[in-house]
Amino acid sequence: MQQKAAKSAKHLDADYGIKEKLTHVSEIGMDLITFEVMRNAFVAACYEASTTIERVAYHPVVGMGRDRSNALLTKDGRLVAHGHTDAAAHYASFGPSVVELLKDRPVESMQRGDTFLFSDPYRTGSHVNDTRLIRPIFYDDQVVAFACTVIHWADMGGPMPGTFNPEATTCYAEGIRIPPIRLFKADVLDEELFSLIAINIRGAVERRADLQAQFEASRLIDRRVRELCERYGVETLFTAFEEQFNYSERVMLAELAQLPDGTWQFEDFGDQDVMTPGKPPIRVHCTMTKRGTKMTFDWTQSGPQPRGSWGCSYATLTGGNYLGFMICFPQLFPLNHGIIRNLEILSKKGTCVDVVEPAPTTGYASGAFDKVEAVTIACLAGPMSSVQPWRVYPAAVSLTNLCMGGYNPRTKKSFVQYTYAVGGENARTFKDGKSLIFMRFCNARTIPQELEERWFPVLYTRYEARTDSCGHGMYRGGFALVREMTVLSDVTMTIHGDREKFTPFGMAGGLNGGGCNLIINKGTDREFNAGMYATGVELKKGDKIFYASSGGGGFGDPLERDPQLVLTDVMDEWLTVETARDYYGVAIDVVDAEALDYRIDETKTAELRGKLRKKGFAEGLGSHQLHPRTRDIKLKWLPTEEEVQPHITVSRPPGW
């Protein structure tokens, strides 16, 4: 690890493109105040729609968990804006959804009050659970824009409650796909069409309530756009769309111009293709090339399309790529067409990141999407390390999807419970990672255990940080969340996750985070490790589930961490005394644990650190190992938190 270098005048005076300089505003082809009002109004409308869904939707994963998004698009399907706290996995699906809709339903055939339902992963991206309502917005008898709302329906049919099915080998075992259908006509639900959907899914009454929340959100965006047309005129609206794209493009190109040219490669792995003999790992590889202001991401060397449900469609690949890019350039928020049109993303049909029908796709978020995002960020660490080192990030917690279904004796109704993991975020080059949250998707919140206990037949007995689960480093990653619960009824359980074997990678000498786990009846003679791909496991009333997420990757050599910080983590019970000794080389004497009397043995610590430096850490891609591809990443200088703070506070919008 390089020591912090004295910053040159270039570092002190550099304008990192957070805002355009005043000398450039003449390039905006409209009144500047109107431009600012309108481009912020676009985001505000989407954010307001998202909070509407949050208040109105039925299932906890949509309301409290915020697995929903809203977008405004041009009349030809170019993304204008999305909300501050929308799901990053949905961003890239907005544009393809409208473009594909228009192929089947020309704009000339649309009427006021039409709203279309669409859920086909090969055409829209993500998976069938992410249903899209697309509403044409009319003004003066013409379509001026589209509203697109997305929520995760807790069930879309299929053999497993919750639809997730790691052992599916085709999409036909993953619930009902929905082509573009006109579900609302003149703002009235087509009951006949909905009945066809309802009879094929679980909890249809609940899904109808979620659908109504979606519909109201789409109408809200519709109203807000028409209000802008009333106030400023349609032509001003169209001009604002184009100027927003041009503005984002100029800021983006200015950012890219500051990065050195070159080519960088990285790869990450999914734990296994569960339906292929031998269960081989799944490779996600990218070659990133930067020349001038042109940036290309080439994913063609990724592994073949898996038989099990892990891969993703091209639209989802672009979504993971966009997310990784935006995490490194949050000042460009929100994602819009001005950014999209300047990123070249190459793929190869039949690979794990560009599957072809009828490949299964429900597991995309924990599988291919997660790895694409992580690999994108790792590639960007190459040029960022010499220009903006605070934007160099290890890998973070991976999404895992736990679903249970059965009969709830308290409500006397069937239920589908969907609970996703939150856990350890990545360390940063200037600060430890955050624990027990899930920032990378921008939206996800931890669903309170009390709410799940009220809705579903489960009783939580543990809900806390998982000790020692972080990626160790000079700055450690965040800690995982562990949940233990007892099922109060017979249930069918499926887990669709990853990162048990190939855990979130550390960087620049930092160690990988701890992996995910799902263990049934832990500590009893009936204990077994269900893994991250358990499908249709029948649990009996009284069975216990141990469900732990992954920890974030660490940054920098753990032996360079301040011993006082290690001591604090031990006193706070984030780390054990043994881990402090084995990974940080810090010898801690526990004089009186109850009185928090812990003391560092300076002599033993010096001896331990000397021995560990000679021995080194085990290399590998697993928990708490030193990743061989990221260990040698060097920063031009090691930034301080004080140096970084102005850039973070200005460029990091709500939800990021």
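Higher on the page you've got the structure.
I will try to describe carefully the structure that is included in this document. (Residues numbered from 1 in each chain as written. Predicted model: local features only at pLDDT ≥ 70, side-chain atom pairs only at ≥ 80, totals over all residues. Heavy atoms only, no water.)

## Focus: the nonpolar core
Stage number 1. Judged by nonpolar contacts, the single largest core of 165 residues is most densely connected at F42, L72, V144, W299, F325, M493 and I545.
Stage number 2. With 13 residues, the top contributor of residues to this core is helix α11 (residues 365–387).
Stage number 3. By size, the runner-up hydrophobic cluster in this structure holds 13 residues, among which are C470, F479, A580 and V586. (Core = buried A, V, L, I, M, F, W, Y, C linked by side-chain atoms within 4.5 Å. Buried < 20%, exposed > 50% of the residue type's maximum accessible area, 1.4 Å probe, protein only. Helix = DSSP H or I, 4+ residues; strand = E, 2+ residues; numbered from the N terminus.)

## Some words on the pattern of salt bridges
Stage number 1. Considering all chains together, one arrives at 44 salt bridges under this definition.
Stage number 2. The closest approach of N and O atoms between E100 and R123, which form a salt bridge, is 2.9 Å. In this pair, E100 is assigned in helix α4 (residues 94–104) and R123 in helix α5 (residues 121–124), connecting sequence segments 23 residues apart.
Stage number 3. With a closest N to O distance of 2.6 Å, E191 and R208 form a salt bridge. With a gap of 17 residues between them, E191 in helix α6 (residues 191–198) and R208 in helix α7 (residues 204–232) connect regions that are remote in the sequence.
Stage number 4. In this structure, a network of salt bridges that share partners links the residues D268, D370, K371, D498 and R499. (Salt bridge = Lys/Arg side-chain N within 4 Å of Asp/Glu carboxyl O.)

## Observations regarding the pairing of strand β1 (residues 68–74)
Regular strands show a simple pattern: their side chains alternate between the two faces of the sheet.
Stage number 1. Where burial is concerned, most of β1 is hidden: seven out of the seven residues are buried.
Stage number 2. Going residue by residue along β1, you find R68, N70, L72 and T74 tucked away on one face and S69, A71 and L73 tucked away on the opposite face as well.
Stage number 3. The pairing of β1 with strand β5 (residues 142–152) spans seven bridges and is classified as antiparallel. In the strand pairing of β5, L73 is matched with F146.
Stage number 4. The loop that links β1 with its antiparallel partner strand β2 (residues 79–82) comprises four residues; one of these, G77, has a positive phi angle of about 90 degrees. (Pairing = 2+ DSSP bridges.)

## Here we look at unusual backbone geometry
Stage number 1. Omega for the bond connecting F333 with P334 falls within 30 degrees of zero, at 0 degrees, which places this linkage in the cis form.
Stage number 2. A positive phi angle is found at A186, which is not glycine, with a value near 55 degrees.
Stage number 3. For A186, the position within the fold is in the loop between β6 (178–185) and β7 (188–189).
Stage number 4. Overall, the relative accessible area of 57% leaves A186 in the exposed class.
Stage number 5. One non-glycine residue with positive phi stands out, namely A508, at about 55 degrees.
Stage number 6. Considering the arrangement of structural elements, one finds A508 in the loop between β16 (491–496) and β17 (517–520).
Stage number 7. Note on A508: relative accessible area 6%, which makes it buried.

## As for the sheet that holds strand β19 (residues 537–539)
Stage number 1. Reading across from one edge, β13-β12-β16-β19 is the order of the four strands in this open sheet, with antiparallel pairing throughout. Strands with a single pairing partner mark the edges of an open sheet, and in this sheet they are β13 (413–420) and β19. Shown here is a sheet whose adjacent strand axes are inclined to one another by a mean of 25 degrees, direction ignored.
Stage number 2. As paired strands, strand β12 (residues 401–408) and β16 are joined by six bridges and run antiparallel to one another. The partner of M404 across the bridge, within β16, is M493. (Axes fitted to C-alpha atoms, helices over the stretch in contact; angles between N-to-C directions.)

## Some remarks on the sheet that holds β17
Stage number 1. Strand order in this open sheet of five strands is β14-β15-β20-β17-β18, and the pairing throughout is antiparallel. Across the chains shown, the open sheet's two edge strands, defined by having one partner strand only, are β14 (458–465) and β18 (528–529).
Stage number 2. Where β17 meets strand β20 (residues 544–548), four bridges bridge the pair, whose relative direction is antiparallel. Bridge assignment links I519 to a residue of β20, and that residue is F546.

## Focus on the pairing of strand β4 (residues 130–139)
Stage number 1. Among the 10 residues in β4, 10 count as buried, and that is most of the element.
Stage number 2. Of the pairings in the sheet, the one linking strand β3 (residues 115–119) to β4 comprises three bridges and is antiparallel in character. Its bridge partner being in β4, L117 is matched across the sheet by L133.
Stage number 3. Between β4 and β5, which pair antiparallel and follow one another directly, the connecting turn spans two residues, one of which, D140, has a positive phi of 55 degrees.

## Quick look at helix α14 (residues 577–584)
Stage number 1. Regarding α14, the residues found buried are T579, A580 and Y584. End-on, the buried residues of α14 take up no more than an arc of 105 degrees, which puts them together on one face.
Stage number 2. Contacts from the buried residues of α14 go to α13 (563–571), β21 (588–592) and α15 (602–615).
Stage number 3. At the exit of α14 stands G585, carrying a positive phi of roughly 65 degrees. (Arc of directions from axis to C-beta. Contact = heavy atoms within 4.5 Å.)

## Brief notes about the state of the cysteines
Stage number 1. All told, the structure shown has zero disulfides when counted by the stated rule.
Stage number 2. The cysteine C470 is free of any disulfide, with C516 supplying the nearest cysteine sulfur at 15 Å.
Stage number 3. Judged by relative accessible area, which is 0%, C470 ranks as buried. (Disulfide = S-S within 2.5 Å.)

## Points about the packing of aromatic side chains
Stage number 1. In total, this model carries 16 aromatic pairs according to the counting rule given.
Stage number 2. A centroid spacing of 4.7 Å and a plane angle of 75 degrees characterise the contact between Y58 and W455, whose relative ring orientation is edge-to-face. One end of the pair, Y58, is in the loop between α2 (32–56) and α3 (60–63); the other, W455, is in helix α12 (residues 449–455), and 397 residues separate them in sequence.
Stage number 3. On the basis of relative accessibility, which here comes to 38%, the residue Y58 falls in the partly exposed class.
Stage number 4. Ring plane angle 35 degrees and centroid distance 5.5 Å describe the contact between F269 and F502, whose orientation is recorded as tilted. One end of the pair, F269, is in strand β8 (residues 262–270); the other, F502, is in the loop between β16 and β17, and 233 residues separate them in sequence. (Phe/Tyr/Trp six-rings, centres within 6.5 Å; stacked < 30°, edge-to-face > 60°.)

## Some details on the packing of α2 against helix α8 (residues 234–257)
Stage number 1. Relative to each other, α2 and α8 sit at 85 degrees, their axes nearing to 10 Å. Classified by the angle their axes make, α2 and α8 are roughly perpendicular. Contacts between α2 and α8 involve T34, F35, M38, R39 and F42 from the first element and T236, L237, A240, F241, E243, Q244 and Y247 from the second.
Stage number 2. Tallied by class, residues from the contact of α2 with α8 come to seven nonpolar, three polar and two charged. (Parallel < 35°, antiparallel > 145°, perpendicular 65-115°, else oblique. Nonpolar A, V, L, I, M, F, W, Y, C, P; charged D, E, K, R; others polar.)

## Focus on the side chain of T376
Stage number 1. Mapped onto the elements, T376 comes out in helix α11.
Stage number 2. Apart from residues lying up to four places away in sequence, T376 is in contact with F297, W299, G320, N321, G324 and F325.

## As for the packing of α2 against α7
Stage number 1. Taken N-terminus to C-terminus, the directions of α2 and α7 make an angle of 160 degrees; their axes are 8 Å apart at the nearest point. With respect to α7, the axis of α2 lies roughly antiparallel. Both α2 and α7 take part in a crossing whose hand is right-handed. Counting all contacts with α2, which are made through T34, V37, M38, A41, F42, A45, C46, E48, A49, T52, I53 and V56, the residues of α7 involved are A213, Q214, A217, L220, I221, R224, L228 and Y232. (Left-handed = near helix turned anticlockwise from the far one by under 90°.)

## So, the environment of I600
Stage number 1. Looking at where I600 falls in the secondary structure, it is placed in strand β22 (residues 597–600).
Stage number 2. Along the primary structure I600 and D589 are separated by 11 residues, whereas in three dimensions their C-alpha atoms are 6.3 Å apart.
Stage number 3. Each residue touching I600, except ones within four places of it in the same chain, is listed here: P563, Q564, L567, V586, A587 and T605.

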